[in-house]
Amino acid sequence: EQWRVGVRTEDPQPGDLVVQNPQGPDSWGHVGIYAGGGMMWSALNPAAGTLLHPVSWNHGAAYFDLSGR
């Protein structure tokens, strides 16, 4: 629930959190870091490691700014 410390934004910047795979109101199945240009970083599992991939790979994305902008 890392996103709870941020402010939801429609103008994501690199470093903002990306939440995806909604599982109900204010509940998401995945959290990643926005890299910019429609890409995000996800830490998957020890075998797959960390992956840079398009945000569009998963549905229901929302963005949270942690910087206080």
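Residues numbered from 1 in each chain as written. Predicted model: local features only at pLDDT ≥ 70, side-chain atom pairs only at ≥ 80, totals over all residues. Heavy atoms only, no water.

### Section: the overall build of the chain
Summing up its helical and strand segments, the chain has zero helices and six strands in all. Element order for the chain, N to C, with α for helix and β for strand: β-β-β-β-β-β. By its C-alpha atoms, the chain is 35 × 25 × 20 Å across when sized along the principal axes. Within the chain, buried positions represent 32% of all 69 residues. For the chain, the proportion of contacts with a sequence separation of at least 24, taken over those separated by at least 6, is 41%. Accessible surface, the chain as shown: approximately 4,300 Å² in total, 54% of it carbon and sulfur. (Helix = DSSP H or I, 4+ residues; strand = E, 2+ residues; numbered from the N terminus. Buried < 20%, exposed > 50% of the residue type's maximum accessible area, 1.4 Å probe, protein only. Contact = heavy atoms within 4.5 Å. Areas by Shrake-Rupley, 256 points an atom, 1.4 Å probe, with all protein chains shown as cover.)

### A short note on the sheet that holds strand 4 (residues 39-45)
Within the open sheet, the six strands sit side by side as 1-6-2-3-4-5. Their pairing is antiparallel. The open sheet terminates on both sides in strands that have one partner only, identified here as strand 1 (7-9) and strand 5 (49-54). For this sheet the average axis-to-axis angle between neighbouring strands, irrespective of direction, equals 40°. As paired elements, strand 1 and strand 6 (residues 62-65) share three bridges and run antiparallel to each other. (Pairing = 2+ DSSP bridges. Axes fitted to C-alpha atoms, helices over the stretch in contact; angles between N-to-C directions.)

### Remarks on the packing of aromatic side chains
Evaluated as defined, the whole model comprises two aromatic pairs. Ring centres 5.8 Å apart and planes at 70° place the aromatic pair Trp 28 and Phe 64 in the edge-to-face group. Here Trp 28 is found in strand 3 (residues 27-36), whereas its partner Phe 64 is found in strand 6, with 36 residues between them in sequence. Judged by centre distance (5.4 Å) and plane angle (80°), the ring pair of Tyr 34 and Tyr 63 falls under edge-to-face. Here the residue Tyr 34 occupies a position in strand 3, and Tyr 63 occupies one in strand 6, the gap between them amounting to 29 residues. A relative accessible area of 10% places Tyr 34 in the buried class. (Phe/Tyr/Trp six-rings, centres within 6.5 Å; stacked < 30°, edge-to-face > 60°.)

### Description of the pairing of strand 5
Direction of pairing for strand 4 relative to strand 5: antiparallel, over a ladder of six bridges. When the sheet's bridge partners are listed, Trp 41 is paired in strand 5 with Leu 52.

### Thoughts on the confidence of the model for the chain
Of all residues in the chain, 91% attain a pLDDT of 70 or more, and the chain-wide mean is 88. The weakest mean pLDDT in the chain belongs to strand 2 (residues 17-24) at 86; the strongest belongs to strand 5 at 94. (pLDDT = per-residue confidence, 0-100.)

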